[in-house]
Amino acid sequence: MPGNGVPLVQPKRWQRFDIIRLFVLVICVLLLLRTFFLDAYHVPTGSMAPTLVGRHRACSCPRCGFTVQVGLHERDDAADETQARWYQHAWCPNCGAMGLPIHQSAVASGQRMIVNKTAFVTRSPKRWEVVVFHLFGLDFIKRILGLPDETVEIKDGDLFVNGALCRKTLEEVKAMRILVFDHNYQPKPMTWAPRWESAPQRTNGQLLSGATLHLDGTSTSDGWHLVAYRHFCLNTKKFLPITDEYAYNGAEPSRTVPVHDLMLECDIEIQAGQGTLALGISDGKDHLIALLTPDGRATLHVANGFSVPMLQQPG
């Protein structure tokens, strides 16, 4: 008893039995969560790449510095010279450089994902969702395309449901897009032909400098400056259509099916001046023009083609 009459209370010490009991409780909670609510899965293959990447090899492209990933193949268990032959066609999806030394890179493990087992208890599955299902004694990780009572057809890379084209939302497109070209990773000079072409040429500086496009809207007589992307291939010396050939497949046989879902992404910074910025995109058949003004207004137009008169008076 201290002098003020308040008894001292000794803090409770953790006993060995208490620690064991807490450990058992944690294990029981984890088992309960895994049995009824959550489960962890390892992504074995790259069939869902780039959304989910399986076991793969990765290296930096010697020409543009872009990180190239190639899925692991069954032949990786063979001799080193076999691996070299298997990966000899590995190429960079950004600049098209061929023969990357991907076989010299170490094997990286596939991603791991946590699956919510109760996701479809209160709602039905949605199109484009990534799901895990068990079939033939194996676990499959796939994306939902068809729903009950639907007829699904994939034609030229487009999904048709009950005969009608199934369009994606902006968020769905972003979740499934595959990189075609990143201007921030520019190849070394004299190793390729630039994919961005500008016209007319400026007399007071470059229109396209590095990864930045400089437009001057202070002069009303300056007219239109055009910058066009050309999907140039250094090996064939030709402008090629954008196809579904995927660099992650490495030496898999190439496919030449053109794609029609294209996306242009850029950062726009307005410093001064007036004018209109027109962003156009085309798959060779359909032509879309987005007109942006300095006050933040944007309009979308469907055109017959790209030309300066059409830009001046969009239809």
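A. Local environment of the overall build of the chain. Within the chain one finds four helices and 19 strands. The burial tally for the chain puts 23% of its 315 residues in the buried class. Summarising the internal contacts of the chain: among those between residues at least 6 apart in sequence, 50% fall at separations of at least 24. Accessible surface for the chain amounts to roughly 22200 Å². Of this, 56% is attributable to carbon and sulfur atoms.

B. Structural context of a nonpolar patch on the surface. A grouping of I20, L22, F23, V24, L25, V26, I27, V29, L30 and L31 is seen on the molecular surface, where their side chains present a nonpolar patch of about 910 Å² in accessible area. Tracing the backbone shows I20 in helix α1 (residues 16-36).

C. Region of interest: the sheet that holds strand β19 (residues 298-303). Strand order in the open sheet formed by three strands is β17-β18-β19, with antiparallel pairing between adjacent strands. Two strands close off the open sheet at either side, each with one partner strand: β17 (277-282) and β19. This sheet shows a mean twist of 20 degrees between the axes of neighbouring strands, independent of strand direction.

D. Fine view of the layout of surface pockets. In this model, the second largest pocket occupies a volume close to 1300 Å³. Around the second largest pocket sit 35 residues that line it, and R167, H260, D261, L262 and L288 are the ones nearest its centre. Secondary structure elements with two or more residues in the lining of the second largest pocket: β9 (158-161), α3 (170-176), β17, β18 (287-292) and β19. For the lining of the second largest pocket, the element with the most residues is β18, which contributes five residues. Residues belonging to the lining of the second largest pocket are distributed by class as follows: 17 nonpolar, six polar and 12 charged.

E. Geometry of the confidence of the model for the chain. The share of residues in the chain with pLDDT of 70 or more is 74%, and the mean pLDDT across the chain is 77. Ranking the helices and strands of the chain by mean pLDDT puts strand β10 (residues 164-165) first, with 92, and helix α4 (residues 308-312) last, with 44. Every residue in residues 308-315 is under pLDDT 50, and counting partners more than four places away or in other chains gives 14 contacts.

F. Inspection of the nonpolar core at higher detail. The biggest cluster of nonpolar side chains holds 15 residues, and the ones touching the most others in it are C61, V68, C92, C95 and L100. Filtering out sequence-adjacent residues up to four positions away, L100 remains in contact with C59, C61, P62, V68, Y87, A90, W91 and C92.

G. Region of interest: the side chain of N94. Structurally, N94 is set in the loop between α2 (80-86) and β4 (107-108). A distance of 2.6 Å separates the side chain of N94 from the backbone nitrogen of D182, its partner in a polar contact. Sequence-distant contacts of N94, that is, excluding residues within four places in its chain, are made with C64, F66, L179, V180, F181, D182, Y185 and R195.

H. The packing of aromatic side chains, seen in detail. Scanning the model with the defined rule gives four aromatic pairs in all. Where F66 meets Y185, the ring centres are 5.5 Å apart and the plane angle is 90 degrees; that geometry is what we call edge-to-face. Note that F66 is positioned in the loop between β2 (56-60) and β3 (67-71) and Y185 in the loop between α3 and β11 (196-199), a separation of 119 residues in sequence. F66 gets classed as buried once you look at its relative accessible area, which sits at 16%. Y185 sits in the partly exposed class, given a relative accessible area of 35%. When the ring of F133 is compared with that of F140, the centres are 5.5 Å apart and the planes differ by 15 degrees; the resulting orientation is stacked. Residue F133 is classed as partly exposed on the basis of its relative accessible area of 34%. Since its relative accessible area comes to 27%, F140 is described here as partly exposed.

I. Local environment of the pattern of salt bridges. Tallied over the full model, the rule gives four salt bridges. For E129, the salt bridge goes to R123, with nearest N and O atoms at 2.6 Å. On the basis of relative accessible area, R123 is assigned to the partly exposed category, the value being 32%. Notably, a salt bridge pairs R127 with E150, separated by 2.9 Å at the nearest N-O pair. Remark: E150 occurs in the loop between β7 (138-143) and β8 (152-155) and R127 occurs in the loop between β5 (112-116) and β6 (130-135); sequence separation between them is 23 residues. Look at E150 and you get partly exposed, because its relative accessible area is 25%.

J. Inspection of the sheet that holds β10 at higher detail. Spatially, three strands are ordered β8-β9-β10 in an open sheet, and the strand pairing comes out antiparallel. Each end of this open sheet is capped by a strand with a single partner; those strands are β8 and β10. The pairing of β8 with β9 spans four bridges and is antiparallel. Counted as the bridge partner of V152 is V161 from β9.

K. The environment of H183, seen in detail. Mapped onto the fold, H183 is located in the loop between α3 and β11. The buried category is assigned to H183, whose relative accessible area is 17%. For H183 and C64, which are 119 residues apart along the polypeptide, the C-alpha to C-alpha distance reads 9.8 Å.

Calculation rules
- Residues numbered from 1 in each chain as written.
- Predicted model: local features only at pLDDT ≥ 70, side-chain atom pairs only at ≥ 80, totals over all residues.
- Heavy atoms only, no water.
- Helix = DSSP H or I, 4+ residues; strand = E, 2+ residues; numbered from the N terminus.
- Buried < 20%, exposed > 50% of the residue type's maximum accessible area, 1.4 Å probe, protein only.
- Contact = heavy atoms within 4.5 Å.
- Areas by Shrake-Rupley, 256 points an atom, 1.4 Å probe, with all protein chains shown as cover.
- Patch = residues over 30% accessible without salt bridge, like charges linked within 9 Å, V, L, I, M, F, W, Y side chains within 5 Å.
- Salt bridge = Lys/Arg side-chain N within 4 Å of Asp/Glu carboxyl O.
- Pairing = 2+ DSSP bridges.
- Axes fitted to C-alpha atoms, helices over the stretch in contact; angles between N-to-C directions.
- 1 Å grid on protein atoms, 1.4 Å probe; cavity = no way out; pocket = protein on both sides within 12 Å on 5 of 7 lines; lining within 4 Å.
- Points joined across faces, edges and corners; volume = space filled by probe spheres on them.
- Nonpolar A, V, L, I, M, F, W, Y, C, P; charged D, E, K, R; others polar.
- pLDDT = per-residue confidence, 0-100.
- Core = buried A, V, L, I, M, F, W, Y, C linked by side-chain atoms within 4.5 Å.
- Polar contact = N/O pair within 3.5 Å; in protein donor to acceptor, adjacent residues only side chain to side chain.
- Phe/Tyr/Trp six-rings, centres within 6.5 Å; stacked < 30°, edge-to-face > 60°.

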